[in-house]
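# Examination of the molecular architecture
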Amino acid sequence: MKLSNSYFFTIRENIKDEDSVSGNLLTRGGFVRKNSAGVYMFLPLGLKVLNNIQNIVRDEMNKAGAQEVLMPALIPEETYVASGRRAGFGSSMFSLKDRNGKPFVLGPTHEELFAIAGAQGIHSYKDLPFNLYQLQTKFRDEPRPRFGLLRVREFIMHDAYSFDKDLEGLDVSYKKMYDAYVNCMKRFELDYVIVTADTGVMGGLLSQEFQALSETGEDTIVTCDSCDLSTNLEVAECPDHYEDDLSEYLPMEKVATPNAKTIEEVAAFFGKKPTDFVKTLIYKVDGKPVACLVRGNRDVNETKLRKYFGANEVELADAAMVEETTHARVGFAGPVGLSIPVMADYEVTHMRNFIVGANENDMHLKNVNLKDFRIDHVMDLRLIQDEDRCPVCGGKIVFRKGIEVANPFKLGDKYSKAMNLYYSDANNEKKPVIMGSYGLGIGRTMAAIVEQKHDDWGILWPISVAPYKVAIVPLDTKNEEMMNAANELYDRLNASGIDTLMDDRDERPGVKFKDMDLIGIPMRVTFGKAFKDGKVEFKLRTDAKAELIDANEAEEKIRNILSDYFAKQR
RNA sequence: CAGGGUGUGGCGAAGCUUGGUAUCGCGCACGGUUCGGGACCGUGAGACCAUGGGUUCGAAUCCCAUCACUCUGACCA
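None of these values were measured; they are calculated from a predicted model.

Looking at RNA strand B, there are 39 residues lining it, with D19, R144, G331, D517 and K529 nearest. Counting only atoms of RNA strand B within 4 Å of the protein, the fraction found in sugar and phosphate groups is 45%. The separation between a base oxygen of RNA strand B and a polar side-chain atom of R524 is 2.9 Å. In the model, a base nitrogen of RNA strand B is placed 2.3 Å from a nitrogen or oxygen of the E537 side chain. It is helix α13 (residues 509-519) that contributes the most residues to the surface near RNA strand B, seven residues altogether.

Examined at the domain level, chain A breaks down into domain 1 (48-236 + 399-451), domain 2 (253-379) and domain 3 (468-569). Here the C-alpha centroids of domain 1 and domain 2 sit 37 Å apart. At the junction of the two partners, domain 1 supplies eight residues and domain 2 supplies six residues. Taken together, the two surfaces of domain 1 and domain 2 that pack against each other cover about 500 Å², and 35% of this comes from carbon and sulfur. The tally of links between domain 1 and domain 2 comes to two salt bridges. The shortest N-O distance in the salt bridge between R306 and D198 comes to 2.8 Å. The tally of links from domain 1 across to domain 2 stands at three residue pairs in polar contact (both at pLDDT 80 or more). Within the side of domain 1 that touches domain 2, the residues separate by chemical class into four nonpolar, two polar and two charged.

A few words now on the sheet that holds strand β6 (residues 103-106). If you walk across this open sheet you meet the three strands as β4-β6-β5, and the pairing is antiparallel. The strands lining the two open edges of the sheet, one partner per strand, are β4 (74-76) and β5 (94-97). Across the sheet, the mean angle from the axis of one strand to that of its neighbour is 35 degrees, orientation sign disregarded. With three bridges joining them, β4 and β6 adopt antiparallel strand pairing. Across the sheet, the residue bridging to L74 is L106, located in β6.

Attention shifts here to the packing of helix α12 (residues 480-495) against helix α14 (residues 554-569). Between α12 and α14, whose axes approach to 10 Å, the crossing angle comes to 30 degrees. As the angle between them shows, α12 and α14 are arranged roughly parallel. Read as a crossing pair, α12 and α14 show a hand that is right-handed. Residues L489, R492 and L493 of α12 form the contact with α14, whose own contacting residues are A554, E555 and I558.

A few words on the pattern of salt bridges. What the rule picks out here adds up to 45 salt bridges. Its salt-bridge partner being D159, residue K138 comes within 2.9 Å of it at the nearest N-O pair. Of the two residues, K138 sits in strand β7 (residues 130-139) while D159 sits in strand β8 (residues 154-164), which places them 21 residues apart along the sequence. The exposure class assigned to D159 is buried, which follows from its relative accessible area of 1%. Residues joined in a network through salt bridges with shared partners are R295, R298, D345, E347, R382, E387 and D388.

Take the pairing of β5 next. Bridge count for β5 against β6 is four bridges, and the pairing is antiparallel. Paired with S95 across the two strands is V105, which belongs to β6. Here β5 folds back onto β6, and the loop between the two strands holds five residues, one of which, G101, carries a positive phi near 90 degrees.

Take the packing of aromatic side chains next. Applying the stated criterion across every chain, the model contains 15 aromatic pairs. Centre to centre, the rings of F114 and Y161 are 4.0 Å apart; their planes meet at 20 degrees, and the pair counts as stacked. One end of the pair, F114, is in helix α5 (residues 111-121); the other, Y161, is in strand β8, and 47 residues separate them in sequence. Geometrically, the ring pair formed by F527 and F531 is tilted, given 5.7 Å between the ring centres and 50 degrees between the ring planes. Ring pairs connect the aromatic residues Y174, Y178, Y181, Y192, F210 and Y438, which therefore count as one cluster. Above the ring of Y174, the side-chain terminus of K410 is found at 5.0 Å from the ring centroid. One cation-aromatic arrangement involves K430 over Y422; the distance from NZ or CZ to the ring centre is 4.6 Å.

Each value, and the rule that gives it
Residues numbered from 1 in each chain as written. Chains lettered and ligands numbered in written order. Predicted model: local features only at pLDDT ≥ 70, side-chain atom pairs only at ≥ 80, totals over all residues. Heavy atoms only, no water. Near = heavy atom within 4 Å. Polar contact = N/O pair within 3.5 Å; in protein donor to acceptor, adjacent residues only side chain to side chain. Helix = DSSP H or I, 4+ residues; strand = E, 2+ residues; numbered from the N terminus. Domains from an automatic or database assignment. Contact = heavy atoms within 4.5 Å. Buried area = accessible area lost by both parts, 1.4 Å probe. Salt bridge = Lys/Arg side-chain N within 4 Å of Asp/Glu carboxyl O. Nonpolar A, V, L, I, M, F, W, Y, C, P; charged D, E, K, R; others polar. Pairing = 2+ DSSP bridges. Axes fitted to C-alpha atoms, helices over the stretch in contact; angles between N-to-C directions. Parallel < 35°, antiparallel > 145°, perpendicular 65-115°, else oblique. Left-handed = near helix turned anticlockwise from the far one by under 90°. Buried < 20%, exposed > 50% of the residue type's maximum accessible area, 1.4 Å probe, protein only. Phe/Tyr/Trp six-rings, centres within 6.5 Å; stacked < 30°, edge-to-face > 60°. Lys NZ or Arg CZ within 6 Å of the ring centre and 35° of its normal.

The structure is reproduced here in structure tokens:
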């Protein structure tokens, strides 16, 4: 591409409406532009990167033996009702009606449609296994889009679906996709970890996330410095490793605690620490109240709670529900005398003589013990914390932030049963097909790469995904000889399949350099002062200084760098 | 959903408290001087001040409503 006659622009100033490094640099470089909250235009440069990422995924999928298809985004709502996920997705699904009033949705993910597609081709065990994938636009009405391309409402996702006759087959299919994703990460040059995660609205047997490490990430990752523990915060275990408190039982006592309702306020009142309390949180689990008990310095892990109940939605109860269930204002809930289900964290069962709310305004109970109230279920209910030890080996745990770029699932038979996807085995018995599903966010990957690879001047694209591999920058556009030589190199590189950009604009050198740095082209060939001696400058975007080389050696040098690079990517 | 902020030429902002018909920087056009890390001087074009209503002789400015964008929290008792 020649810049002088193309849709190319950069923005010098910061973008007000972009809250992340990647969103800012991608907008300033003219890759993307926000059109509405969480919905982006992809401009020429941005589309080139997006296509490069998609082609890497496509290549890895094809190598893994998957076949590409394209499913509709516009889907009858009843499809998701059949699997039970219409309710699961709730308001995060975009929905609309056709002219006859028939409800449709815009697909947020496609397990159902692929199960339907599978059913059309699967009759016998001889039809299995196989694997389908697509690169397609998904729609999710996120409550709060943010961080540029990282959390959006319309995005291109790669999703793949495997079909097997049994769990052993699924293991093989899963491994292939897992390996394909590992290869993709390598080719994207992402610094990442793989963590076990919650299966969430997908359901199924196993979920792993490929998390690109970045402070901008919205996910918290828990790893251990002495074993290979690697898990998402929301599923990190807090096993029953607590020591019993053996102090003598004291008699329960009701104490007036006016104007004190937070743990800190009440602790100050009693002259005690938060660890001497049992916190009672009223949750709304699919609309029904549930009390959760954790030690005063702990937090409830809502994912664990949701999993235990198999619920779609878990949130803290509103004030009205708290008052109805505890007969007191918010701030005085306690387990004694509650008539709703009571869940307790393991740790609570090892405590003695603790303080709880009295279910009465401005009152707390002290010296409460397990005999004083009913617990319906004891479980691992809390969020892991800094001071906790590794649940596997007891080592020191480390918290990091990550961007979830890919997520393979072992689904099992959940969707097969819901969507009537069965096959006949060798004994002519009807069995559900065993499915896996695999997703990788294309735009999110693009943003994650920028989050990891940038400097003060702009983006540092890896060669594999860079919109152009080489930028040719002639500094004197009036010098005919120089322009001829630059054009010749430009033509030769492009003719041999090396995507090359030429900055033939009549701009000052500084402008051209700044722009090329901002958009992050990996290699730059500058035709400048030394051209009269037959020399050009060659510079890698990641290097501070340029080197002077013979003009007629530039092409070979670029070829060598690229062939070395791609050899290492294999 | 709850609470806060913002909306002014293409972009970024000032003006609003204390009403009097819009200012600055970037960008753009033209002329000139420049020309190796976002040049300088001069001239110029470009705005129904988010939308709708109200108060007023007069509204970007005050009042009401709506919409959009954005931040914080996703209510930790």
